[in-house]
Amino acid sequence: MTALFDIELELITLGTARFPGAVVRDELDNNLLAELPTIRVQQVPGGGDDGLKLARFLVDIDVFAATRGDAITLARQVHDWVTSELRGSTSSAAVIGRVAALSLPASRPYENVTLRRVGATYEIFCHPVS
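In this report, the structure presented in the accompanying data block is examined. Model, not experiment: these values are computed from the prediction.

Here the focus is the pairing of strand 4 (residues 55-65). A regular strand carries its side chains on alternate faces of the sheet. Among the 11 residues in strand 4, 10 count as buried, and that is most of the element. Across six bridges, the pairing between strand 2 (residues 38-43) and strand 4 is antiparallel. Directly across from Thr 38, in strand 4, lies its bridge partner Phe 64. Judged from the two bridges that link them, strand 3 (residues 48-49) and strand 4 form a sheet pairing that is antiparallel. Looking across to strand 4, one finds that Gly 48 is bridged to Arg 56. As paired strands, strand 4 and strand 6 (residues 116-128) are joined by 11 bridges and run antiparallel to one another. Along strand 6, the bridge assignment pairs Val 59 with Tyr 122.

Counting residues in hydrophobic clusters, the biggest one holds 30 residues, and the most contacted among them are Leu 11, Ile 39, Val 59, Ile 61, Val 78, Val 82 and Ile 124. Going through the elements one at a time, helix 1 (7-18), strand 2, strand 4, helix 2 (68-86), strand 5 (94-107) and strand 6 are the ones with two or more residues in this core. A total of seven residues in this core trace back to one element, the largest contributor, which is helix 2. When sequence neighbours within four positions are dropped, the list of residues in contact with Val 82 reads Ile 61, Arg 87, Val 99 and Tyr 122.

Here the focus is the packing of aromatic side chains. Considering all chains together, one arrives at two aromatic pairs under this definition. Centroid distance Phe 19 to Trp 81: 5.7 Å. Interplanar angle 90 degrees. Geometry classified as edge-to-face. One end of the pair, Phe 19, is in the loop between helix 1 and strand 1 (23-25); the other, Trp 81, is in helix 2, and 62 residues separate them in sequence. Assessed through its relative accessible area of 6%, Phe 19 is described here as buried.

The next thing to look at is the side chain of Thr 121. Tracing the chain through its elements places Thr 121 in strand 6. Looking at Thr 121, its side chain comes within polar contact range of the side chain of Arg 108, at 3.3 Å.

Here we come to the packing of helix 1 against helix 2. Between helix 1 and helix 2, the least distance of the axes is 12 Å, while the angle of their chain directions is 105 degrees. By the angle class used here, helix 1 and helix 2 are roughly perpendicular. From helix 1, Leu 11, Leu 14, Gly 15 and Arg 18 reach across to helix 2, where they touch Trp 81, Glu 85 and Leu 86. Classifying every residue of the contact of helix 1 with helix 2 by side-chain character gives four nonpolar, one polar and two charged.

How each quantity is defined
Residues numbered from 1 in each chain as written. Predicted model: local features only at pLDDT ≥ 70, side-chain atom pairs only at ≥ 80, totals over all residues. Heavy atoms only, no water. Buried < 20%, exposed > 50% of the residue type's maximum accessible area, 1.4 Å probe, protein only. Helix = DSSP H or I, 4+ residues; strand = E, 2+ residues; numbered from the N terminus. Pairing = 2+ DSSP bridges. Core = buried A, V, L, I, M, F, W, Y, C linked by side-chain atoms within 4.5 Å. Contact = heavy atoms within 4.5 Å. Phe/Tyr/Trp six-rings, centres within 6.5 Å; stacked < 30°, edge-to-face > 60°. Polar contact = N/O pair within 3.5 Å; in protein donor to acceptor, adjacent residues only side chain to side chain. Axes fitted to C-alpha atoms, helices over the stretch in contact; angles between N-to-C directions. Parallel < 35°, antiparallel > 145°, perpendicular 65-115°, else oblique. Nonpolar A, V, L, I, M, F, W, Y, C, P; charged D, E, K, R; others polar.

Take a look at the structure:
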């Protein structure tokens, strides 16, 4: 069985259940201001696998909110979820093992000055459920 599967879909599904007050997605649209707070999950190039089952994914998770304080607060909650609750969890699709923050939550520039963006990059080791 290959180690490759849709890590974005997995995290969006789990994140939607964990953060019911936020929109969790992989792409932004023109209606972002009406859908705050939003958590965007994006796999970034890199990572790898062992050729059998274990995959190492690199994932950016950005939080968009109306204020800097709201964005920082939600980004910290997401960070705690990824590094504590997500580690060692199992879903119908994946078993998540070691998780680490490669960059801690920090303000990231965004072209729309009426909202704020805070993001972090995570390394997630996991494998599909066999």
